Amino acid sequence: MLTQKTIDKFTIHASEKFRLKDHDTTWAGDKQTGPLDSDALKKQAQEHLKQSVVDLSEAQELLYAADRWSVLVVFQAMDAAGKDGTIQHVLSGVNPAGCSVHSFKQPSSEELDHTFLWRHMTRVPERGRIGIFNRSYYEDVLVVKVHQNILANTRLTTDKFDKAFWNARYEDINNFEQHLVRNGTIVLKFFLNVSKTEQKKRFLKRLDTPEKQWKFNAGDVRERKFWDDYMIAYEEAINATSTKAAPWYVIPADNKWIMRMVVAEILATRIKDLGLKYPKISPQAMQELSLAKAELLAEK
Ligand code: ATP
Ligand code: MG
């Protein structure tokens, strides 16, 4: 199990100044010294993940039974950081009826006719459920900030995309998340922090492996040229939107199994921290249960 101290290390607290360079993408345990791609390390992380998947499954059942809280999990990352695989593995034990996954791509013209938060608001999880955002409204302060020409195609009422414009977007996001939190949604935001070198390795692997070639997108390689701009945008966004209500978690992503293990554990821990219990049955309902049982047993 990860210690609270380790979880704290990945948590960006509202009061701290977040610097990406302080976060090691290759972290694989405080005492880890061997190679990052060793089989032993993978096996160890997989074992750990297995336990967290069980914990998460139990936590989700309680969440569903309590029908009061919901959990919104946001994943943001550079291409090939492993968002899809993390979602797949971390949720592998969760009842599909109790969760939803939405992937946010370039907005449609209908979506652009609304504010940037609109399409997300309609997809936040219902009470009792876990909702996953595979990319999110954060794209509106990440890709859109890196490629500001995107905004030229929208019909915003301003064409001045200065510091005040981005600060207003961060503020809107903070207010939106605050609103969700106040109304019973836990908001967990994960930045899967992969290095540029590891991304290159993964792209090359996609190109060289027939079963992975379909995943390759030449546009992703072009986007890589903007790496430094993206890192600045991430740093600014994470600094501006790590709040007490909805902190960011910056997860080392150069080893996929370590990343999945850390995400699963944080998720399970945060839900378990709610201290949920199965709803108590009232004496009257208890009586109804006894009557129902007697009726079933009396069936011929
Ligand atoms: P994968 O490549 O693993 O399938 P992905 O999340 O990269 O997953 P893509 O279809 O490749 O999915 O890309 C979606 C693209 O949509 C991303 O490049 C993302 O930056 C872009 N996008 C998402 N939201 C917005 C937005 N609000 N404005 C502009 N672009 C956006
Ligand atoms: Mg992609």
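S.K.: I'd love a proper account of the sheet that holds strand S6 (residues 248-252), names of residues and values included.
M.R.: The strands making up a sheet associate through backbone hydrogen bonding, with each pair oriented either parallel or antiparallel. Taking strand neighbours across the sheet as the criterion, the 6 strands line up as S1-S6-S5-S2-S4-S3 in an open arrangement whose pairing is mixed. Each of the sheet's edge strands pairs with one partner strand only, and the pair in question is strand S1 (11-12) and strand S3 (99-103). One ladder, built from 2 bridges, connects S1 with S6; its direction is antiparallel. Across the sheet, Ile12 pairs through a bridge with Trp248, a residue of S6. In the packing of helix H3 (residues 83-90) onto the sheet, the strands contacted are strand S2 (70-77), S3, strand S4 (130-134) and strand S5 (185-193), and the crossing angle to S2 comes to about 150°.

S.K.: Now, about a positive patch on the surface: what can you tell me, with residues and values included?
M.R.: Together, Lys42, Lys205, Lys212 and Lys215 make up a region of like positive charge exposed at the surface. Turning to its location among the elements, Lys205 is positioned in helix H8 (residues 196-208).

S.K.: Quick rundown of the nonpolar core? Include the residues and the values.
M.R.: By size, the foremost hydrophobic cluster in this structure holds 82 residues, and its most contacted members are Val71, Tyr137, Phe190, Leu192, Ile251 and Val262. Setting aside its immediate chain neighbours within four residues, Leu192 contacts Phe75, Gln76, Ala77, Ala81, Gly82, Lys83, Thr86, Ile251, Ala253, Met259 and Val263.

S.K.: Which residues make up the environment of Trp69, and what values go with them?
M.R.: Summarising the element assignment, Trp69 is placed in the loop between helix H2 (39-66) and S2. Counting along the chain gives 60 residues from Trp69 to Arg129, while the straight-line C-alpha distance between them is 7.6 Å. Contact partners of Trp69, with chain neighbours within four places excluded, come to Leu63, Arg127, Gly128, Arg129, Gly184, Leu274 and Leu276.

S.K.: Which residues make up the side chain of Glu111, and what are the values?
M.R.: By the element assignment, Glu111 lies in helix H4 (residues 109-112). A distance of 3.3 Å separates polar atoms of two side chains, one belonging to Glu111 and the other to Arg119.

S.K.: Which residues make up H3, and what values go with them?
M.R.: Inspection of H3 places Lys83, Gly85, Thr86, Ile87 and Val90 among the buried residues, and these make up the whole buried set. Residues of H3 that are buried sit in contact with H2, S2, S3, S4, S5 and helix H11 (256-272).

Rules used in this analysis
- Residues numbered from 1 in each chain as written.
- Chains lettered and ligands numbered in written order.
- Predicted model: local features only at pLDDT ≥ 70, side-chain atom pairs only at ≥ 80, totals over all residues.
- Heavy atoms only, no water.
- Pairing = 2+ DSSP bridges.
- Helix = DSSP H or I, 4+ residues; strand = E, 2+ residues; numbered from the N terminus.
- Contact = heavy atoms within 4.5 Å.
- Axes fitted to C-alpha atoms, helices over the stretch in contact; angles between N-to-C directions.
- Patch = residues over 30% accessible without salt bridge, like charges linked within 9 Å, V, L, I, M, F, W, Y side chains within 5 Å.
- Areas by Shrake-Rupley, 256 points an atom, 1.4 Å probe, with all protein chains shown as cover.
- Salt bridge = Lys/Arg side-chain N within 4 Å of Asp/Glu carboxyl O.
- Lys, Arg positive; Asp, Glu negative; His and termini not counted.
- Charge placed at Lys NZ, Arg CZ, Asp CG, Glu CD.
- Core = buried A, V, L, I, M, F, W, Y, C linked by side-chain atoms within 4.5 Å.
- Buried < 20%, exposed > 50% of the residue type's maximum accessible area, 1.4 Å probe, protein only.
- Polar contact = N/O pair within 3.5 Å; in protein donor to acceptor, adjacent residues only side chain to side chain.

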